[in-house]
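Fold and contact review
Single-letter residue listing:
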Amino acid sequence: MSAGTGADGIRHRGLRFEEQLIFEQHADGRTGVDLPEPPAVADRLGGLARAAPIGLPGLSEPQVVRHFTRLSQKNYAIDSGLYPLGSCTMKHNPRLNEKLARLPGFADIHPLQPQSTVQGALALMDRLAGWLRALTGMPAIALSPAAGAHGEWTGLMTIRSAHEAAGDARKRVLVPDSAHGTNPASAAMCGYEVAAVPLNARGRVDLAALKSALDGDVAAFMLTNPNTCGLFEDEILEQAGAVREAGAYFYSDGANFNAIVGRVRPGDLGIDCMHLNLHKTFSTPHGGGGPGSGPIALSEALAPFAPVPYVVGGPDGFRLVEHDGGAAFGRVKRFHGQMGMFVRALAYILSHGIDGLRQASSDAVLNANYVSAGLADLMSLPYDGPCMHEVLFDDAFLKDTGVSTLDLAKAMIDEGYHPATIYFPLVVHGALLLEPTETESRESLDHLVATLRGIVRRALAGEADAFHAAPAHAPRRRFDETAAARRPVLRWRPPGAEDQAAE
């Protein structure tokens, strides 16, 4: 038996535990609770007596607690350290927001309660919608979409409804090469054909190409601004004018709103429809904290086609409009279902106010440019000039090193960081996208920059073999990512189960 290896052959290193599956820790007859014996009833299962063990693991209470605690320690999270995942805005989730979301009346309400008993919740939703209208400069907000991509789909359905009401069944949606990947997917789900619009040499939409693609068959143009190259679309007013002239609607992907909130109102830029990721701009959790939320903001032209239900206020209080008898295309969810996200987002907004939100977006842009300045002499930037909330590198600096962008990302794991976003956007070869957000201190950014500089110097020094083996210090070595995506193993089977199934 080697040092650190137990009788069961499991090896631990320091405080890093080699954790078995919970099924593998099973022992017959072991349980964490004492339950009374059921009363003796003849044939209580109606002739369906169990022929084999139920298959649930038997563990003691300490085993269960330790198992899930150890699993949680294998996760990297924003609470563990800087999370430089470009395009995802992994920012701190203030604990004040969590406390408020747990207040009675928000945490324990049910969607089937009488509306007279949830007036506070409806008032909060109305107030949140009011803030979102003010921040976007758009007259209508639909809170019901369950996530950002769901918001995209909802916005496009609203656009389709508006065109159909006008007797204009358009067939195409234009999507720039710099857009998020969900944009063309959402358009296709709404039945549209998708056509790409190329970028110019500055990493922004080619205005001439956009104008040439616009015709009477285009329903909408979907722009991500700032785009996924981390750049502000400085010709957006001209884009909006061309889209409007063609009779199409201007859609904006709001995933990067954190870079401009409090500084720019999308409605003033000519946007007709925009989804808002509450988890990105307004600090609600990325999953794990309840349902997601992707409200959409709508222009005056699209507001009549917003989905139901929505909240309205009056002298007798607030109520949900379920059927407005108008042009609404229907509902996208049975219930809103994101009360926890609404509470967190409003708490964040009220904590900051307009001035605080403006500072947050300014700090997000400052931090990204600080990281860019600290790495630009070693790593290659595909586009000139300052960036917005995220900085994009290509792989030109790795030429002839034998090290790929993927290798560099895996090396970040060994240094205690979640990898940056890689190979996205697709328009940049070997892309590596970093978004520090506004919540990181200068010391935190300095440590990230120093770490990346050290990694890059090792690559340039010819340590390719070490990069190919990275990560060396993670709970698992490098996976075959293609096989993991195409042939994932998502179910545990006891030994011999596969043979039994084959028989």
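Residues numbered from 1 in each chain as written. Predicted model: local features only at pLDDT ≥ 70, side-chain atom pairs only at ≥ 80, totals over all residues. Heavy atoms only, no water.

This brings us to the overall build of the chain. Helix and strand content of the chain: 14 helices and 12 strands. Classification of the 503 residues of the chain by burial places 45% in the buried group. For the chain, the proportion of contacts with a sequence separation of at least 24, taken over those separated by at least 6, is 70%. Of the roughly 24800 Å² of accessible surface on the chain, 55% is carried by carbon and sulfur atoms. A distance of 4 Å separates the average location of the 45 positive side-chain charges in the chain from that of its 56 negative side-chain charges. (Helix = DSSP H or I, 4+ residues; strand = E, 2+ residues; numbered from the N terminus. Buried < 20%, exposed > 50% of the residue type's maximum accessible area, 1.4 Å probe, protein only. Contact = heavy atoms within 4.5 Å. Areas by Shrake-Rupley, 256 points an atom, 1.4 Å probe, with all protein chains shown as cover. Lys, Arg positive; Asp, Glu negative; His and termini not counted. Charge placed at Lys NZ, Arg CZ, Asp CG, Glu CD.)

Here the focus is the nonpolar core. By size, the foremost hydrophobic cluster in this structure holds 55 residues, and its most contacted members are Phe221 and Phe282. For this core, the secondary structure elements donating two or more residues are α3 (119–136), β3 (193–197), α6 (207–213), β4 (218–224), α7 (236–245) and α9 (339–375). Per-domain counts for this core show at least three residues from each of domain 1 (96–350) and domain 2 (355–484). Excluding its chain neighbours within four sequence positions, the residues that come into contact with Phe282 are Leu132, Leu135, Phe257, Val261, Asn277, Arg344, Ala345, Tyr348 and Ile349. (Core = buried A, V, L, I, M, F, W, Y, C linked by side-chain atoms within 4.5 Å. Domains from an automatic or database assignment.)

The three strands are arranged β10-β12-β11 in an open sheet whose pairing can be described as antiparallel. The sheet is open, and its two borders are formed by β10 (391–393) and β11 (421–422), each paired with just one other strand. Bridge count between β10 and strand β12 (residues 432–434): three bridges; the pairing is antiparallel. Following the sheet pairing, Leu392 is matched in β12 by Leu433. Each of β10 and β12 touches α9; the most contacted strand, β10, lies at about 30 degrees to it. (Pairing = 2+ DSSP bridges. Axes fitted to C-alpha atoms, helices over the stretch in contact; angles between N-to-C directions.)

Here the chain is partitioned into domain 1 (96–350) and domain 2 (355–484). For domain 1 versus domain 2, the distance between C-alpha centres works out to 30 Å. The interface is formed by 24 residues belonging to domain 1 together with 19 residues belonging to domain 2. Taken together, the two surfaces of domain 1 and domain 2 that pack against each other cover about 1700 Å², and 62% of this comes from carbon and sulfur. Counting every contact that joins domain 1 to domain 2 gives zero salt bridges. If you look at where domain 1 meets domain 2, you find seven residue pairs in polar contact (both at pLDDT 80 or more). In the side of domain 1 that touches domain 2, the residues fall into 13 nonpolar, eight polar and three charged. (Buried area = accessible area lost by both parts, 1.4 Å probe. Salt bridge = Lys/Arg side-chain N within 4 Å of Asp/Glu carboxyl O. Polar contact = N/O pair within 3.5 Å; in protein donor to acceptor, adjacent residues only side chain to side chain. Nonpolar A, V, L, I, M, F, W, Y, C, P; charged D, E, K, R; others polar.)

On to the packing of helix α10 (residues 405–414) against helix α11 (residues 442–460). For any two helices packed against each other, the geometry comes down to the angle between their axes and how far apart the axes lie. One way to put it is that α10 packs onto α11 with a least axis distance of 10 Å and a crossing angle of 125 degrees. One way to sum up the angle between α10 and α11 is to call them oblique. Along this stretch, α10 crosses α11, giving a crossing that reads as right-handed. Contacts between α10 and α11 pair Leu408, Ala411 and Met412 from the former with Leu448, Leu452, Ile455 and Val456 from the latter. Across the contact of α10 with α11, the residue classes break down as seven nonpolar, no polar and no charged. (Parallel < 35°, antiparallel > 145°, perpendicular 65-115°, else oblique. Left-handed = near helix turned anticlockwise from the far one by under 90°.)

Across five bridges, the pairing between strand β8 (residues 310–314) and strand β9 (residues 317–321) is antiparallel. Paired with Gly313 across the strands is Phe318, a residue of β9. As consecutive antiparallel partners, β8 and β9 are separated by two residues.

Moving on, we get to a nonpolar patch on the surface. Where nonpolar side chains cluster on the molecular surface, the patch consists of Leu21, Phe23 and Trp492 and spans about 250 Å² of accessible area. Looking at the secondary structure, you find Trp492 in the loop between α13 (481–486) and α14 (497–502). Assessed through its relative accessible area of 30%, Trp492 is described here as partly exposed. (Patch = residues over 30% accessible without salt bridge, like charges linked within 9 Å, V, L, I, M, F, W, Y side chains within 5 Å.)

Taken together, the buried positions of α7 are occupied by Ile236, Gln239, Ala240, Ala242 and Val243. Take α7 and look down its axis: the buried residues cluster within an arc of 165 degrees, on one side only. Along α7, the residues that are exposed and aim more than 90 degrees away from the buried face are Leu237 and Glu245. Where α7 is buried, its residues contact α6, β4 and β5 (249–253). Positive backbone phi, approximately 80 degrees, marks Gly247, located one or two places after α7. (Arc of directions from axis to C-beta.)

This part covers the environment of Val428. Looking at where Val428 falls in the secondary structure, it is placed in the loop between β11 and β12. In the structure, Val428 is positioned 250 residues away from Ser178 in sequence and 9.7 Å away in space, judged by C-alpha atoms. For Val428, the residues in contact, after removing those within four places along its chain, are Pro382, Tyr383, Leu392, Phe393 and Asp394.

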